[in-house]
Amino acid sequence: MNLHIDHAKRILVANDRGGYTVPTDRLYPFQWNWDSAFVAMGFALYDIDRAYRELERLTEGQWADGMIPHIVFHQPSDTYFPGPDVWRTKHTIPTSGITQPPVFAIALRKVHERAGKHAEARTLPLYEAALKWHRWWYSARDPERTGLVALHHPWESGSDNSPAWDVALARVPTTTVTPVMRKDTGHVNADMRPRDEDYKRFIHLLDTYAACGWNPAKQWEEAPFKIAEIQTTAILLKAGEDLEHLARLFGRTEDATEIADFNDRSRRAMLAQWRPALRRFVSRDLISGEDVQAATQAGFIPLLSLDLDKDIADALVTEMKTWSKGLKVAFPTTKPGVGSWEPKRYWRGPAWAIINWLLIDGLQRNGHPDAGEELRMSTIAAIETEGFAEYFDPVTGEGCGGLGFSWTAAAYIWLMRV
Ligand code: GLC
């Protein structure tokens, strides 16, 4: 038995709160959406029942309109802000009011494929939940049918503190109805967390949408932050491919046609976001109408779900190599050396095992298995040296943020699979 795998499994046990896994104790004491999808893929390799449970518990938070929230507050905790009283949502169990990257259907297909015979009965309700969520994405977050889905809050990206939001976030007022009472900086070093001013803007957005009664159409009208986002759309498209695959497997022909249509729309829209001069894809700020120019990892995530022409794939890989040069741990979430680059502050430079996981799959898909393998080995080495940290300083390799982190454990188990 590999001792690190054993340790990874123990982290998932320690973070279990009854069929769902918290990202880490205290800092993130509830069920987080995309964290759980990654965790379910880890479980799928050795405990199918637990993998299904993880996804099932997440869908307890699904709203009537199909949205699966970014946090499900299954049990109270006073170590996190903003809690349920700040979100003021109306679902049967308390949840946040925003969503997170739709990794869910990617995980569901993997869980289903490893579950063997008689899996269909357990997969089907989750398939239905995923389909409802994908429909929600395309109606609530792309009402103009562009093919790119939009985010109303940086936290919806999963890359919460990324420099990708700096320009758009600067337009958001710092006034809040809710008093801001940060808890995160009591758990980890403030230098690794967002600045106070940005935190006020995060809460301003939340207050704005709560005042809209969390109604998607009203929010679309009023949102002071609206980014048609490339990483989220790339993940949605990969999840859409997996969902379409399940639809066909289950004989759901009409669903399959509907999903294929979503997928085509996103595929075309993403290709139009390729910027040869930057050698990466870009998001679009729907309020200013401009490209989001910030150099972040998001621009490479389309590798995951597009079958790119060789010249585009090669250009992406060349650019990735430039960013990774001389680093102890790739892949940096911000390009080293640019003004917003901060190798220890979360999402402004550090390397994350789950982002690497997506990139590794994308590099394999697009004819660069060697680059994928290099990234896999670098991720494994970082974890084996520093432990299951939330993320890693790419320059020093130091493990940062929260420790005993579930998705880092799940990524390790997945990346080590034979
Ligand atoms: C942070 C990350 C987000 C993650 C959450 C729990 O907020 O930015 O992506 O889901 O922590 O791990």
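I will try to describe carefully the structure that is included in this document. Each residue is numbered by its place in its chain's sequence as written, counting from 1. Local features in this predicted model are restricted to residues of pLDDT 70 or higher, and side-chain atom pairs are both shown and tallied only at a pLDDT of 80 or more, whereas totals for entire chains, interfaces and linings draw on every residue. Side-chain measures here rest on the full set of heavy atoms in the structure, leaving out hydrogens and waters.

Remarks on the overall build of the chain
Part 1 of the argument: Numbering goes from the N terminus for both helices and strands, where a helix is a DSSP run of H or I of at least four residues and a strand is a run of E of at least two. Along the backbone of the chain there are 15 helices and nine strands.
Part 2 of the argument: The quantity called the radius of gyration is restricted to C-alpha atoms. Its globule counterpart is 2.2 Å times the number of residues to the power 0.38. A globule of 418 residues ought to have a C-alpha radius of gyration of about 22 Å, and the chain, at 20 Å, matches this closely.
Part 3 of the argument: In terms of overall dimensions, the chain has a C-alpha envelope of 50 × 50 × 45 Å along the principal axes.
Part 4 of the argument: For the exposure calls, accessible area comes from a 1.4 Å probe over protein chains only, and a residue counts as buried if that area is under 20% of its type's maximum, exposed if over 50%, partly exposed in between. For the chain, the residues scored as buried account for 62% of the 418 residues in total.
Part 5 of the argument: For every accessible area listed, the method is Shrake-Rupley and the probe measures 1.4 Å; residues are considered covered only by the protein chains on display. In the structure as shown, the chain presents an accessible area of about 15,600 Å², 51% of it carried by carbon and sulfur atoms.
Part 6 of the argument: Two residue types count as positive, namely Lys and Arg, and two as negative, namely Asp and Glu; His and chain ends fall outside the count. We put the charge of a Lys on NZ, of an Arg on CZ, of an Asp on CG and of a Glu on CD. Computing the positive centroid from 48 side-chain charges and the negative centroid from 55, the chain places the two 0 Å apart.

Side note on the sheet that holds strand β7 (residues 284-285)
Part 1 of the argument: Paired strands, in this sense, are two strands between which DSSP finds at least two bridges. Taking strand neighbours across the sheet as the criterion, the three strands line up as β3-β4-β7 in an open arrangement whose pairing is antiparallel. Two strands close off the open sheet at either side, each with one partner strand: β3 (150-151) and β7.
Part 2 of the argument: In this structure, strand β4 (residues 227-228) lies alongside β7, joined through two bridges in antiparallel fashion. Looking at β7, one finds that I227 is bridged to D285.

Some words on the packing of aromatic side chains
Part 1 of the argument: Paired rings are identified among Phe, Tyr and Trp, the last through its six-membered ring, by centres lying within 6.5 Å, and are further divided according to the angle between planes into stacked (under 30 degrees), edge-to-face (over 60) and tilted (the rest). Counting across every chain of the model gives 33 aromatic pairs.
Part 2 of the argument: For the pair W155 and F202, a centre-to-centre distance of 5.1 Å together with 50° between the ring planes defines the contact as tilted. Remark: F202 occurs in helix α8 (residues 196-211) and W155 occurs in the loop between β3 and α7 (166-170); sequence separation between them is 47 residues.
Part 3 of the argument: A relative accessible area of 3% means that W155 is categorised as buried.
Part 4 of the argument: Given the relative accessible area of 1%, F202 is considered buried.
Part 5 of the argument: Geometrically, the ring pair formed by W323 and F331 is stacked, given 5.5 Å between the ring centres and 10° between the ring planes.
Part 6 of the argument: By relative accessible area, which is 1% here, W323 ends up buried.
Part 7 of the argument: The ring of Y46 carries K9 above its face, with NZ or CZ at 4.2 Å from the centroid.
Part 8 of the argument: Geometrically, a charge over a ring is one whose NZ (Lys) or CZ (Arg) sits within 6 Å of the ring centre while staying within 35 degrees of the ring normal. Its end group placed over the ring of W220, K226 keeps NZ or CZ at 4.3 Å from the ring centre.

A short note on the layout of surface pockets
Part 1 of the argument: As a volume, the largest pocket reaches approximately 270 Å³.
Part 2 of the argument: Broken down by secondary-structure element, the contributors of at least two residues to the lining of the largest pocket are α12 (310-324) and α14 (369-386).
Part 3 of the argument: Just so you know the grouping, Ala, Val, Leu, Ile, Met, Phe, Trp, Tyr, Cys and Pro go in nonpolar, Asp, Glu, Lys and Arg go in charged, and all remaining residues, Gly too, go in polar. Residues of the lining of the largest pocket, tallied by class, amount to nine nonpolar, two polar and three charged.
Part 4 of the argument: Computed over the protein atoms alone on a 1 Å grid, cavities are sets of points where a 1.4 Å probe fits but cannot get out and pockets are open sets with protein on both sides within 12 Å along at least five of seven lines; a residue lines them when it has an atom within 4 Å of a point. Every residue lining the second largest pocket is counted, 14 residues in all, and those nearest its centre are A164, V167, D291, V292 and Q293. Grid points are joined across faces, edges and corners, and a volume is the space filled by probe spheres set on the points.

A look at empty space enclosed by the protein
Part 1 of the argument: For the structure shown, the criterion picks out four cavities of 30 Å³ or more.
Part 2 of the argument: What the largest cavity holds in volume is close to 280 Å³.
Part 3 of the argument: What lines the largest cavity is a set of 27 residues, and nearest its centre among them are Y28, W32, D160, Y346 and E390.
Part 4 of the argument: Listing elements by their share of the lining of the largest cavity, those giving two or more residues are α2 (33-44) and α8.

Comments concerning the packing of helix α3 (residues 48-59) against helix α5 (residues 104-115)
Part 1 of the argument: For helices, the fitted axis covers only the stretch in contact; all axes are lines through C-alpha atoms, and the angles between them, taken along N-to-C directions, range from 0 to 180 degrees. The N-to-C vectors of α3 and α5 enclose an angle of 150°; their axes lie 10 Å apart at closest approach. Taken as axis vectors, α3 and α5 run roughly antiparallel relative to one another. Considering how the two elements wind past one another, α3 and α5 form a crossing that is left-handed. Judged by residue contacts, I48, A51, Y52, L55, L58 and T59 of α3 engage F104, A107, L108, V111, H112, R114 and A115 from α5. When describing relative orientation, an angle under 35 degrees is termed roughly parallel and one over 145 degrees roughly antiparallel, while 65 to 115 degrees is termed roughly perpendicular and anything else oblique. It is the rotation of the near helix from the far one that decides the hand of a crossing: anticlockwise by less than a right angle makes it left-handed, clockwise makes it right-handed. It only takes one pair of heavy atoms within 4.5 Å for two residues to be counted as in contact.

A look at the pattern of salt bridges
A side chain with one charge may pair with a side chain of the opposite charge, provided their charged atoms come close.
Part 1 of the argument: A pair is scored as a salt bridge if a Lys or Arg side-chain nitrogen falls within 4 Å of a carboxyl oxygen belonging to Asp or Glu. Tallied over the entire structure, the rule returns 40 salt bridges.
Part 2 of the argument: With a shortest N-O distance of 3.1 Å, E56 and R53 are connected by a salt bridge. Of this pair, E56 and R53 both sit in helix α3, separated by three residues, roughly a single helical turn.
Part 3 of the argument: Taking relative accessible area as the criterion, E56 reaches 18% and is therefore assigned buried.
Part 4 of the argument: Judged by its relative accessible area of 31%, R53 falls in the partly exposed class.

A word on the side chain of H70
Part 1 of the argument: Here H70 shows up in the loop between α3 and β2 (71-72).
Part 2 of the argument: Setting aside anything within four residues of it in sequence, one finds H70 in contact with Q31, W32, N33, W87, S96, I98, T99, Q100 and W155.

Section: the site of the ligand
Part 1 of the argument: The near set for a molecule or strand comprises every residue that places at least one heavy atom within 4 Å of it. For the ligand, the full set of nearby residues is P23, Y28, W32, W34, D35, Q100, G158, D160, Y346, W347, F405 and W407.
Part 2 of the argument: Side-chain atoms alone can form a polar contact between residues adjacent in sequence; in general such a contact is a pair of N or O atoms within 3.5 Å, and within protein one must be able to donate a hydrogen while the other accepts it. In the model, an oxygen atom of the ligand is placed 3.0 Å from a nitrogen or oxygen of the W34 side chain.
Part 3 of the argument: Measuring from an oxygen atom of the ligand, one finds a side-chain N or O atom of D160 at 2.7 Å.
Part 4 of the argument: Contact with the protein chains hides 98% of the accessible area of the ligand, taken as 310 Å² for the molecule alone.

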